[in-house]
Amino acid sequence: MSDWRAISNASDRLKWYQNKGQIKLNFFLSIIFVGMVLNGYDGSLVSGLQASDAWQADLGYPDGVRLGLLNAIGSISGLFVGPIITYIDENFGRRWGIRFYGYTMLIGSVIGCIAGVSGANGYGLFVAGRAIIGLGLASFLMTSLIVVQEITHPRSREAIAASWDSYWILGSVIAAWVNFGCVGFITSSWSWRIPYIIQVPFALYILIAVQFVPETPRFLLAKGCDAEAYAFLVEYHGNGDVDDPLVRFEFKEMKEAIRTEQAAKAEKWSTILKKRSNLHRLGLAALMVFLTNVTSIIYFYYTTVFDLVGITDATTQTGIQAGLSMFTWLCQIAAVYVGKYVGRRKILLYIWPTLLLSLVGLCVSSGVFANASENNNRAGVATPCSVFLCVFILLCVVLPSTTTFLDPAEVQTFSMRSKGLLVWNTVSQLMSAYVTWVDAIALDAIGYKYYIVYMPLVVIQWVLVYFCKSSLPTKGYTLEEIATVFDGKNPSLTSVDILPPGEQQGGEADDSKSREDGVE
């Protein structure tokens, strides 16, 4: 297989502001990333609202099982919507999951804001709103991961996909500062209603803007819309040049791969489960979910974690979280660039032992604090507790995210990409529902000692990464080439030859070649 990166393209000879097609494409991607910002905002919001006395009063002071259910209900509802979204993505297009997300965020946010109104069941309404939002979050995550991989220009696909989670963290930064300003300084119910209702304009923007996002070229090819698929590639990857060599290569590669997969009925579960390489792909999607479960304590219960080390003031808690979120976002952006030079597997293998040490330090220092006497010594112990907590958050949120959210969609073939994300979503929602529910109960019952439970899990995760995380080279490959890497030297689903040598050098294809590829 020749190197497609040697094929000339409009992006190679134009300044970024001259490449109108790329600018349009980036706008479409920005719509998806706004959705990811909203996802991060919502995902971090409730943990901050727990510091609000008004929110606690309006919802009847939920703790233990009730608090766990409040945080887990979104994952429970997201579990059931997964198969439906997979069917829609495969048959009606990739955009419907994003539309559904906008509707659920809008409806769920409004219902949640009604909680605490006189005569209403505040807890019940808020949980119902979270359940509706959970339906949309799952549909958005499954769909957006696919769309980002399938419409992005191949020159920038890997970097853009790796930055996907940075927008979640950006959303958490916004949520943290909004919580700091509202929860920290407002005492009425508006201290939590204002942060919650801010989600409404985000949702409205997504509902309107998603109408402009084009369908992915791979989906169009799978449905026999060859001319529309080629027109997409010409406009957004070739800046309008119908004879752009890279566009022609992309079209041929996608078309041949999808044609071969359809002939093999590669979209059927019976076919998928027969191949060892497909099981490897599905296993990696599940493994990436398992690697992220350590972060649930911080995402959902940071106020409880702060309480365990004596930081109980709402303004202080939300202020620390705001500053830490900002720092985490900057570090995540830096991690995207580090990922260009350091392999994803290597990042995970080096980070996890350090993550274990920080978790041990957090547990030990929290234990010393809990057993210290009420004097200055106890206050001094809070400092190393906070340091270990910050290191823990940085390690488990920032560096692995460039890998854990890139692999699940990237390693799948086109025909099984939606189903691979279904496996990813199913495992994710099951683990999230269980962990967030159990975390609340365990932290309430045994406090800092619960950190010990996560220590062997970190060790198990490292072992699984070492033996199961693929060391196969995927850097700089197209999605179709990644399929051949997993299928070995004689892939049965994807086998695409590169363009002739003349076209690799930037030569123009003639009209007969266009007709041969099915494009008029």
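Residues numbered from 1 in each chain as written. Predicted model: local features only at pLDDT ≥ 70, side-chain atom pairs only at ≥ 80, totals over all residues. Heavy atoms only, no water.

## Regarding the overall build of the chain
Note the cut-off: In DSSP terms, a helix is any run of H or I states spanning at least four residues, a strand is any run of E spanning at least two, and both are numbered starting from the N terminus. Exposure is judged per residue with a 1.4 Å probe applied to protein chains only, and the accessible area is read against the type maximum: over 50% gives exposed, under 20% gives buried, and values in between give partly exposed. Contact definition: two residues touch when any of their heavy atoms are within 4.5 Å. To measure how exposed things are, a 1.4 Å probe is used in the Shrake-Rupley method; for residues, cover is taken only from the protein chains shown.
Looking only at helices and strands, the chain features 26 helices and zero strands. The buried share of the chain, taken over its 520 residues, is 57%. If you take every contact in the chain between residues at least 6 apart in sequence, the share linking residues at least 24 apart comes to 83%. Counting every atom, the chain has about 20,700 Å² of accessible surface; 65% of that belongs to carbon and sulfur.

## Structural notes on a nonpolar patch on the surface
Put simply, the rule reads: Two distance rules govern patches: like charges are joined within 9 Å, and nonpolar side chains (Val, Leu, Ile, Met, Phe, Trp, Tyr) within 5 Å, applied only to residues with over 30% relative accessible area and no salt bridge. A pairing counts as a salt bridge when a side-chain nitrogen of Lys or Arg comes within 4 Å of a carboxyl oxygen of Asp or Glu.
Residues Val 459, Trp 462, Val 463, Tyr 466 and Phe 467 make up a contiguous nonpolar surface patch of about 480 Å² in total accessible area. In this structure, Phe 467 sits in helix α23 (residues 451–468). Residue Phe 467 is classed as exposed on the basis of its relative accessible area, which comes to 65%.

## Quick notes on helix α6 (residues 122–151)
Our working definition: Expected span, for any helix, means 1.5 Å times one less than how many residues it has. Residues adjacent in sequence count toward polar contacts only when both atoms are side-chain atoms; beyond that, a polar contact is any pair of N or O atoms within 3.5 Å, and within protein one must be able to donate a hydrogen and the other to accept it.
With 30 residues, α6 extends 42 Å from end C-alpha to end C-alpha; this agrees with the ideal 44 Å at 1.5 Å per step. With 25 of 30 residues buried, α6 is to be regarded as a mostly interior element. The backbone nitrogen of Tyr 123 has a side-chain oxygen 3.3 Å away, supplied by the residue at the start of α6, namely Asn 121.

## Section: the environment of Thr 187
Tracing the sequence through the fold places Thr 187 in the loop between α8 (164–182) and α9 (190–197). On the basis of relative accessibility, which here comes to 78%, the residue Thr 187 falls in the exposed class. Along the sequence, Thr 187 and Ala 54 sit 133 residues apart, while their C-alpha atoms lie 6.6 Å from each other.

## A word on the pattern of salt bridges
Close approach of charged atoms allows side chains with opposite charge to pair. Scanning all chains against the criterion turns up twelve salt bridges. When the shortest N-O distance is used, the salt bridge between Arg 95 and Glu 215 registers 4.0 Å. Placement of the pair is Arg 95 in the loop between α4 (64–91) and α5 (96–114) and Glu 215 in the loop between α10 (199–209) and α11 (217–222), with a sequence separation of 120 residues. Here the residues in one salt-bridge network are Arg 94, Glu 150 and Arg 417, joined through shared partners.

## Side note on the packing of helix α12 (residues 226–237) against helix α13 (residues 245–263)
To keep things clear, this is the line we draw: Each axis is a line fitted through C-alpha atoms, taken for helices only over the stretch in contact, and angles between the N-to-C directions span 0 to 180 degrees. Crossing handedness follows the turn of the near helix against the far one: under a right angle anticlockwise gives a left-handed crossing, and clockwise gives a right-handed one. Here the nonpolar group is Ala, Val, Leu, Ile, Met, Phe, Trp, Tyr, Cys and Pro; Asp, Glu, Lys and Arg are the charged ones; every other residue, Gly included, is treated as polar.
One can describe the packing of α12 onto α13 by two numbers: an axis separation of 10 Å at closest approach and a directional angle of 145°. Seen along the crossing, α12 lies across α13 with a hand that is right-handed. Side by side, α12 and α13 meet where Asp 226, Ala 229, Tyr 230, Leu 233, Val 234 and His 237 of the first sit next to Val 247, Arg 248, Glu 250, Phe 251, Met 254 and Lys 255 of the second. Taken together, the residues that form the contact of α12 with α13 break down as seven nonpolar, one polar and four charged.

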